[in-house]
Amino acid sequence: DAAVLSPKQGHRLVVTMDTLVSGVHFLEFTPPHFIAAKTLRVNLSDLAAMGAEPAWYTLSLSLPSGGDGIYGDDWLDSFAQALQVEQAIYGITLVGGDTVATPGPLSLSITAMGWVKTGQDMKRSNAKPGDIIYVSGQIGDATLGLAAVQGDFSELEPSSLEILTERHHRPQPRLDLGQRLFGLASAAIDISDGLVQDLGHICLSSKVTATIQAADIPLSRVGQGVVEDDPDLLTVMMSGGDDYELLFCVPPERQNSVASVAEELNLPLTRVGVVDEVGEGNTVKVMNASGQEIKMP
């Protein structure tokens, strides 16, 4: 009836939960192997933002009944096989959950648990004025990927479209990076709502303001090409969400350590802005190359 889990001495348990709903977080006819990957990985990204090591998860799966029978045995088989592959990649184990029928839509909720050494969990509330703001990887491909699966960017080469749709369907939880940020970052968050919005969450919790430079936002080769054709898309990419990269704040004297971590993990870690001052919080300015503030959508 329930899982019995053993505490790990000298550690604290980190628990997170995310729900994905068809038509809201993925398109209705998204293949089940993509749904399995995204549902688990977005939860693992939350663990990464806390510097946690994955341990277990539970799954609630609400399957639409009747209709055209999309969610039959073949769907479940593909979903389960993909979930097993994802578990093996990230070293996490399914320990329970529930499966129910629903009139719709398809809904999935995962509660993921991980370990962090006592006193080493990272928070959003410790950013300080003068801290340097970094992001991992590249920003905006997932937003472009959603547009691509909806039929946009048909002029792009198939290989470029594949890069974008892969970023949308299979985010990369930065678990190794998260576990390296303790003692380096003052605050951290994963980018799920969008770079600007999630930096705003840190500002709100830390009671500070921040400025980021649009020209410093790291883009992939495909993303750069899209922005060159339509510069207005950059603000959409900065606020569109689903990147699941880590955004973190670092005291200036630790910048060399950030460079060392980037080299060790072979992962770009890019300076994009600075924490300005103590303030009411949730105040993020985005500046262009001319020093003018950009209005964000």
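The numbering scheme is per chain: residues are counted from 1 as the chain's sequence reads. A pLDDT threshold of at least 70 governs which residues receive local features in this predicted model, and a stricter bar of 80 or more applies before side-chain atom pairs are shown or counted, although totals over entire chains, interfaces and linings include all residues. Excluding hydrogens and water, the side-chain values take into account all heavy atoms of the structure.

A.B. asks: Residues and numbers for the side chain of Ser-206, please.
C.D. replies: Where helices and strands are cited, they refer to DSSP runs of H or I of at least four residues and of E of at least two residues respectively, numbered from the N terminus. Of note, Ser-206 is situated in helix 6 (residues 195–206). Discounting residues that sit within four places of it in the chain, Ser-206 has contacts with Arg-124, Ser-125, Asn-126 and Ala-127. Contacts are assigned to residue pairs that have any heavy atoms within 4.5 Å of one another.

A.B. asks: Requested: an account of the packing of aromatic side chains, with residues and values cited.
C.D. replies: Whether two aromatic rings pair depends on their centres lying within 6.5 Å, for rings of Phe, Tyr and Trp, where Trp uses its six-membered ring; planes under 30 degrees apart make the pair stacked, over 60 edge-to-face, and the rest tilted. Enumeration over the complete set of coordinates arrives at four aromatic pairs. Plain terms: the ring middles of Trp-56 and Trp-115 are 5.5 Å apart, the flat faces sit at 75° to each other, and that makes the pair edge-to-face. Of this pair, Trp-56 sits in strand 2 (residues 53–64) while Trp-115 sits in strand 4 (residues 107–117), and the two are 59 residues apart along the sequence. A ring pair is formed by Tyr-71 and Trp-75, whose centres lie 5.2 Å apart and whose planes are at 75°; its orientation type is edge-to-face. Both residues of the pair, Tyr-71 and Trp-75, count as buried. Under the scheme applied here, a residue whose accessible area is under 20% of the maximum for its type counts as buried, over 50% as exposed, and between as partly exposed, the area being computed with a 1.4 Å probe on protein chains only.

A.B. asks: I'd like a description of the pairing of strand 5 (residues 132–136), backed by residues and values.
C.D. replies: Counting buried residues in strand 5 gives five out of five residues, a clear majority hidden from the surface. Neither face of strand 5 is left uncovered, since the one carrying Ile-132, Tyr-134 and Ser-136 and the one carrying Ile-133 and Val-135 both have all their residues buried. The pairing criterion is simple: DSSP has to find at least two bridges between the two strands. Bridge count for strand 5 against strand 9 (residues 269–278) is five bridges, and the pairing is antiparallel. Each residue of the ladder has a partner; that of Ile-132, found in strand 9, is Val-274.

A.B. asks: Got a sec to walk through the state of the cysteines? Specific residues and values, please.
C.D. replies: The criterion for a disulfide is a pair of cysteine sulfur atoms lying within 2.5 Å. Summed over the entire model, instances satisfying the criterion amount to zero disulfides. Between Cys-203, a free cysteine, and Cys-249, which holds the nearest cysteine sulfur, the sulfur-to-sulfur gap is 7.3 Å. Given the relative accessible area of 1%, Cys-203 is considered buried. Classification of Cys-249 as buried rests on a relative accessible area of 0%.

A.B. asks: Explain unusual backbone geometry residue by residue, including any values.
C.D. replies: Cis geometry marks the peptide bond from Gly-104 to Pro-105; its omega dihedral reads -5°. Considering the arrangement of structural elements, one finds Pro-105 in the loop between strand 3 (93–102) and strand 4.

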